[in-house]
Amino acid sequence: EVQLVESGGGLIQPGGSLRLSCAVSGFTVSSNYVSWVRQAPGKGLEWISVIYSGGSTDYADSVKGRFTISRDTSKNTLYLQMSSLRAEDTALYYCAGRGPEYTFGSWGRGTLVTVSS
Amino acid sequence: DIQMTQSPSSVSASVGDRVTITCRASQGIGSWLAWYQQKPGKAPKLLIYGASSLQSGVPSRFSGSGSGTHFTLTISSLQPEDFATYYCQQAHSLFTFGPGTKVEIK
């Protein structure tokens, strides 16, 4: 059974840093693309970052230069290092991946990040 | 960047109704288009990929069509469990979600 479990969210002040984790079971992060997708309260879905099976990464313009996606294949875990956080980064952060044709067939339950002073 | 739009932003419908949601891409994306359903407090669920392929386990009342810049999701006979928000997503150039369409009870 595929499971993705996010952790690491919380309340952080503007300008601060936070690292999110996504523990994956049921498939290997080294053989699949995995993304972070966020959803601000009451808003729609926003894709923010992906790491492909080969290790290359991409980012949405809204987070480029501030967020870094990485993975630990020995732990089968995905990470999102977030820095220079802004109020508009407040959202539920999902990890998602392993779908046909670059879709998101499996999702975690999300971890909430609140950026506020 | 590829932008996605959806219409309508919300629709009120009754059980048994046929519902059609439209998604448009700002440039051609071939068939690199997926549809998701999201219920309150839950993660999105993949319904359709490749514009028209039904994800395993998804009821056949859901169907997708289109290519290029114009796509549709159709629910042939709306069921009580289908009241939710639906998002399209392109995967032609990175990933972009549409703004969503909320299907509400009439």
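Above: the structure in question.
Residues numbered from 1 in each chain as written. Chains lettered and ligands numbered in written order. Predicted model: local features only at pLDDT ≥ 70, side-chain atom pairs only at ≥ 80, totals over all residues. Heavy atoms only, no water.

Trainee: Hey, could you run me through the side chain of Arg38 of chain A in this one?
Mentor: Residues and elements named next belong to chain A. Tracing the backbone shows Arg38 in strand E4 (residues 34-39). Judged by relative accessible area, Arg38 falls into the buried class, the value being 6%. Polar side-chain contacts of Arg38 include one of 2.7 Å to the side chain of Glu46. A polar contact is formed between the side chain of Arg38 and the side chain of Asp89, at a distance of 2.9 Å. Each residue touching Arg38, except ones within four places of it in the same chain, is listed here: Gly44, Leu45, Glu46, Ile48, Ser62, Val63, Phe67, Glu88, Asp89, Ala91, Leu92 and Tyr93. (Helix = DSSP H or I, 4+ residues; strand = E, 2+ residues; numbered from the N terminus. Buried < 20%, exposed > 50% of the residue type's maximum accessible area, 1.4 Å probe, protein only. Polar contact = N/O pair within 3.5 Å; in protein donor to acceptor, adjacent residues only side chain to side chain. Contact = heavy atoms within 4.5 Å.)

Trainee: Any chance you could explain the interface of chain A and chain B here in plain terms?
Mentor: When the parts of a complex come together, some accessible area is lost, and that lost area is often taken as the interface size. Taken residue by residue, the interface counts 22 residues in chain A and 18 residues in chain B. Of all residues in chain A, Leu45, Trp47 and Glu101 of chain A give up the largest surface area on contact with chain B, accounting jointly for 32% of the area buried on that side. Counting every contact that joins chain A to chain B gives zero salt bridges. Scanning the region where chain A abuts chain B turns up six residue pairs in polar contact (both at pLDDT 80 or more). Residues belonging to the side of chain A that touches chain B are distributed by class as follows: eleven nonpolar, six polar and five charged. (Buried area = accessible area lost by both parts, 1.4 Å probe. Salt bridge = Lys/Arg side-chain N within 4 Å of Asp/Glu carboxyl O. Nonpolar A, V, L, I, M, F, W, Y, C, P; charged D, E, K, R; others polar.)

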